[in-house]
Amino acid sequence: MIINPQKFPKYSKSHYQNLMSFISPIETFDGYLVKMDSRFNLGGISGGKVRQCLRIVYENLDDIKKNYDGGLITGCGLPSPQSTIVSAVSNYFGLKCVVVSPIYDNSKKDYNRINVSLSQKLEAKIYGVKNPNPSGYKRDVKELKKEYGFYEIKFDMNSESVIDTTSHQASNLPNNLENLVVICGSGLNLFGILKGIVRYKKSVKNVFGITLSHHFNNNRKLYYDNLPTDEKYDGDLH
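Described in the following lines is the structure provided in the data block. All values derive from a computational prediction rather than experimental measurement.

**A closer look at the pairing of strand β7 (residues 125-129)**
Now for step 1: Here 5 bridges tie strand β6 (residues 96-102) to β7, and the two strands are oriented parallel to one another. Bridging across to β7, S101 finds its partner in G128.
Now for step 2: Assessed by its sense of winding, the connection that carries the chain from β6 through helix α5 (residues 114-121) to β7 is right-handed.

**Topic: the pairing of β6**
Now for step 1: With respect to burial, β6 is a largely interior element, 6 of its 7 residues being buried.
Now for step 2: As a crossover connection, the stretch from strand β5 (residues 71-75) through helix α4 (residues 82-93) into β6 is right-handed.

**Some remarks on α4**
Now for step 1: For α4, which comprises 12 residues, the first-to-last C-alpha distance of 17 Å matches the rise-based estimate of 16 Å (1.5 Å per residue) to within 8%.
Now for step 2: Within α4, 12 of the 12 residues are buried, which leaves the element mostly enclosed by the surrounding structure.
Now for step 3: Within α4 the residues assigned to the buried category are Q82, S83, T84, I85, V86, S87, A88, V89, S90, N91, Y92 and F93.
Now for step 4: G94 sits one or two residues past α4 and shows a positive phi near 75°.

**What about the pattern of salt bridges?**
Now for step 1: According to the stated counting rule, one finds 10 salt bridges in the structure shown.
Now for step 2: Note that D164 is salt-bridged to R55, the shortest N-O span being 3.3 Å. Remark: R55 occurs in helix α2 (residues 48-59) and D164 occurs in helix α7 (residues 160-167); sequence separation between them is 109 residues.
Now for step 3: Overall, the relative accessible area of 16% leaves D164 in the buried class.
Now for step 4: The exposure class of R55 is buried, given its relative accessible area of 17%.

What counts and how
Residues numbered from 1 in each chain as written. Predicted model: local features only at pLDDT ≥ 70, side-chain atom pairs only at ≥ 80, totals over all residues. Heavy atoms only, no water. Pairing = 2+ DSSP bridges. Helix = DSSP H or I, 4+ residues; strand = E, 2+ residues; numbered from the N terminus. Right-handed = clockwise from strand over helix to strand, strands pointing away. Buried < 20%, exposed > 50% of the residue type's maximum accessible area, 1.4 Å probe, protein only. Expected span 1.5 Å × (residues − 1). Salt bridge = Lys/Arg side-chain N within 4 Å of Asp/Glu carboxyl O.

Now the structure itself:
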């Protein structure tokens, strides 16, 4: 992937609205209907998490510029795409960016470095930390937030606006489905889809959420179980 910061898309309200109105298409593979959010793209950086991060920053843009010295900070492991996502969104909005990640280890394969390398291309400042654990960056983020005063984008990007953003992707689902299978991590995309099924009056008998994340049940309690009854999916959630 070639990233040229000078040619990277830049924020305007009309460009943002056009970008966020994109609905990932339904495609057919071996008789299955497949919808992939990797079709969403910001200057070569793809995926629904990019859309979610855009929404979070857009909603807080004035506050970030006024009270957070116009900068974003995030912490992530290697080879997490979080660094690329946040630095891409930061570059788009013309903000400063700090990425905190375990320090490069020359024994690792090069693909572990791809995302932080892209972040550097997108003009983020990279801090390598000595703690090699996946969440070893957390203490450093805490200290660097004090030093820089930047707005933190957390790894899971939990918020009701993230769920609302995803809900619109249900608009082009078929009106009647027997089974819908969703691959998810912490569950936010799934909860957004469930909200969208109701919003767009889609009839889906079964929804299967496939997850290995221990955050799923916590997020379900926080962001889905407390929704008003008329906003909740009334089919079978597995």
